[in-house]
Amino acid sequence: MTQIPPLNGLRAFEVAGRHLNFRAAAEELGVTQGAVAQQVRQLEAQLGIPLFERLSKGLAFTSSGRSYHGRVATAFEELRAATATLRPEPGRVLVSVTPTFAAKWLIPNLPDFSATHPQIDLQILATEKISNFHGDGIDVAIRQGKPPFGAALDVVRLFRQEIIAVAAPSLVAQHRLPLTPEALSQLPKLHDAHNLWPVFLKNLKIEDHGGHGLRLNQTALTIDAALSGQGVALVSSFLVKRDIAANHLVQVISETLTGDQHFYMLTMRGPKRSSSSQAVVEWFAAKAEYP
């Protein structure tokens, strides 16, 4: 009979494989980075094969390690599912999103969700931090980024990163739309943490003569500032679709900026998912606007 390795080593390997980083694994497990690395080394020694390649910026699976991790992760998911059946929280689903996604897309769409699934207790965790599915109890996460996100995750693209320039109608009332490059260059710009204006203007071959304007740390705040007529904002088009339809904002120039940091729904890969979590996943997927 094949001997099962120590569970501490398997757990360290499973978490490190999801993050491909010993430091992040240590944060999830609440131990030191050295402890995680040592447990994985001991597991490799017992198995007699390397599971990871140690790189300067993290880890990479060996071919054997990738195959082994998939089965170990499934085994731990089964253990979690078995435990959950002993103390279930029916109807509760915790969704982690960024503050901007929460304010400008999710909250306006929640009435539709509540009408469709009144029995589900949807809880929203709005944070810029990388949430932890196990440590934070996350069921579903919506994040902007670029694959791959990890071997233990199921990934669905919801929205493209299609950046448009928008402003309040009052700000551009004296101009004909779409704005000329010269007119756009003269208007105040609203800047967020993504700092996309230099790239946007460079692509349009526009020299900016009006670089002044508010600098804010969240896109949601730049949208609010644009709504109040304080400048032109660069935002993902799906975040302002409602405001444009209501004529609270207008797209001031037809050109767009398409990036590779799209918006994705992330869930843990596993054999089982609660009916409530599955309903939330299907609802988000039905709202997807990926081309």
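About the criteria used
- Here the residue numbering is sequential within each chain, running from 1 through the sequence in written order.
- Under the rules for a predicted model, residues below a pLDDT of 70 receive no local features and side-chain atom pairs below 80 are neither given nor counted, while totals for whole chains, interfaces and linings still include all residues.
- Excluding hydrogens and water, the side-chain values take into account all heavy atoms of the structure.
- Numbered from the N terminus, helices here are DSSP runs of H or I no shorter than four residues, and strands are runs of E no shorter than two.
- Contacts are assigned to residue pairs with any non-hydrogen atoms lying within 4.5 Å of each other.
- Two N or O atoms form a polar contact when they lie within 3.5 Å of each other; inside protein one atom must be a possible hydrogen donor and the other a possible acceptor, and for residues adjacent in sequence the pair counts only when both atoms belong to side chains.
- Detection works on a 1 Å grid of protein atoms alone, calling trapped sets that fit a 1.4 Å probe cavities and calling open sets with protein on both sides within 12 Å along at least five of seven lines pockets, with lining residues defined by an atom within 4 Å of a point.
- Grid points are joined across faces, edges and corners, and a volume is the space filled by probe spheres set on the points.
- Charged residues are taken to be Asp, Glu, Lys and Arg, nonpolar residues to be Ala, Val, Leu, Ile, Met, Phe, Trp, Tyr, Cys and Pro, and polar residues to be all remaining types, Gly included.
- Residue-level confidence of the predictor, termed pLDDT, takes values from 0 up to 100.
- Throughout this description, the term nonpolar core refers to a set of buried Ala, Val, Leu, Ile, Met, Phe, Trp, Tyr and Cys residues connected via side-chain atoms within 4.5 Å.
- Burial status follows relative accessibility: with a 1.4 Å probe on protein chains alone, a residue under 20% of its type maximum counts as buried, one over 50% as exposed, and anything between as partly exposed.

Participant: Got a sec to walk through the overall build of the protein chain? Specific residues and values, please.
Facilitator: Broken down by element type, the protein chain carries 10 helices and 12 strands. Projected onto the principal axes, the alpha-carbon positions of the protein chain cover approximately 80 × 45 × 30 Å. Taking contacts inside the protein chain between residues at least 6 apart in sequence as the whole, the part at least 24 apart equals 75%.

Participant: So what's going on with the side chain of Gln-161? Which residues, and what values?
Facilitator: By the secondary structure assignment, Gln-161 is in the loop between β6 (153-159) and β7 (162-167). Separated by 3.4 Å, the side chain of Gln-161 and the backbone nitrogen of Asp-260 make a polar contact. Within polar-contact distance, the side chain of Gln-161 engages the backbone nitrogen of Gln-261 at 3.1 Å. Residues in contact with Gln-161, not counting those within four places in the same chain, are Gln-144, Ser-236, Leu-257, Thr-258, Gly-259, Asp-260, Gln-261 and His-262.

Participant: An account of empty space enclosed by the protein is requested, with residue identities and associated values reported.
Facilitator: Taken as a whole, this structure holds 1 cavity of 30 Å³ or more when the rule is applied. Approximately 50 Å³ is the volume found for the largest cavity. Lining the largest cavity are Leu-190, His-191, Asp-192, Asn-195, Leu-196, Trp-197 and Leu-234. Of the residues assigned to the lining of the largest cavity, the class counts are 4 nonpolar, 2 polar and 1 charged.

Participant: Outline the confidence of the model for the protein chain, supporting the account with residue identities and numerical values.
Facilitator: Scored by pLDDT, the protein chain has a mean of 90; 95% of the residues are at 70 or more. When the elements of the protein chain are averaged for pLDDT, helix α4 (residues 63-86) gives the smallest value, 86, and strand β10 (residues 250-251) the largest, 98.

Participant: So what about the nonpolar core? Which residues, and what values?
Facilitator: Counting residues in each nonpolar core, the largest one holds 34 residues, and the members touching the most others are Val-95, Phe-101, Trp-105, Val-140, Ile-142, Val-280 and Phe-284. Once you skip the residues sitting within four places of it in the chain, Val-95 turns out to touch Leu-122, Gln-123, Ile-124, Leu-125, Val-140, Val-280 and Phe-284. Within the second largest apolar cluster, 20 residues are counted, among which are Ala-165, Leu-187, Leu-234 and Leu-257.

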